[in-house]
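Residue strings, one per chain:
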Amino acid sequence: EVHTYRINGKDADYIGAGDLHDGDYDPMGYSNYFYGFVDRTALEGLFYCKHEIIVYPSNEYEDHFVSVAANTYAVTIAAVAFFAIILFLGYDMIVRRQ
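Not measured: the values here are computed from a predicted model.

Reading the values: the criteria
- Residues numbered from 1 in each chain as written.
- Predicted model: local features only at pLDDT ≥ 70, side-chain atom pairs only at ≥ 80, totals over all residues.
- Heavy atoms only, no water.
- Helix = DSSP H or I, 4+ residues; strand = E, 2+ residues; numbered from the N terminus.
- Buried < 20%, exposed > 50% of the residue type's maximum accessible area, 1.4 Å probe, protein only.
- Contact = heavy atoms within 4.5 Å.
- Areas by Shrake-Rupley, 256 points an atom, 1.4 Å probe, with all protein chains shown as cover.
- 1 Å grid on protein atoms, 1.4 Å probe; cavity = no way out; pocket = protein on both sides within 12 Å on 5 of 7 lines; lining within 4 Å.
- Points joined across faces, edges and corners; volume = space filled by probe spheres on them.
- Nonpolar A, V, L, I, M, F, W, Y, C, P; charged D, E, K, R; others polar.

Asker: How should the overall build of the chain be read in this particular structure?
Answerer: In terms of helices and strands, the chain carries 2 helices and 4 strands. In the chain, the order of α-helices and β-strands from amino to carboxyl end is β-β-β-β-α-α. Residue burial in the chain is summarised as follows: out of 98 residues, 3% are buried. Of all intrachain contacts in the chain linking residues separated by at least 6 positions in sequence, the fraction that spans at least 24 positions is 22%. As displayed, the chain offers around 9100 Å² of accessible surface, 61% of which is attributable to carbon and sulfur atoms.

Written out as structure tokens, the structure is:
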């Protein structure tokens, strides 16, 4: 039986029965097994209940890390490089005229 929860920090909100996550994030899922132990020494020793927990990212989680900072840095570096090239070519033209 499968149930879907949305984890928000320390809170877990129940979404519904079934696998209701966004399928675009299937390759990014992280799974682990949880064994809930119950000590029932009177009933033949130790019993356990095995559950698989799979955690997937969401659009909200991805948006938290997506920013325009990388584009800003790339444009700034390209502009500085372009300015340095223009400055070097101008200096070279002045030196050749003398």
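Asker: What is the right way to read the layout of surface pockets from this model?
Answerer: In this approach a probe as big as a water molecule rolls over the atoms, and the regions it shows empty are the leftover space. Taken as a whole, the largest pocket spans an internal volume of roughly 990 Å³. Looking at the largest pocket, it is lined by 27 residues, and the ones nearest its centre are Thr4, Tyr5, Ile54, Val55 and Tyr56. Of all the elements in the fold, those that place two or more residues in the lining of the largest pocket are strand E1 (3-8), strand E2 (11-17), strand E4 (45-55) and helix H1 (59-65). Broken down by class, the residue content of the lining of the largest pocket amounts to 13 nonpolar, 7 polar and 7 charged.

Asker: Would you mind showing me how to read the environment of aspartate 26 here?
Answerer: Residue position: aspartate 26 is located in the loop between E2 and strand E3 (30-40). Aspartate 26 sits 30 residues away from tyrosine 56 along the chain, and the two C-alpha atoms are 7.1 Å apart.

Distances and angles like these do not, on their own, reveal function.
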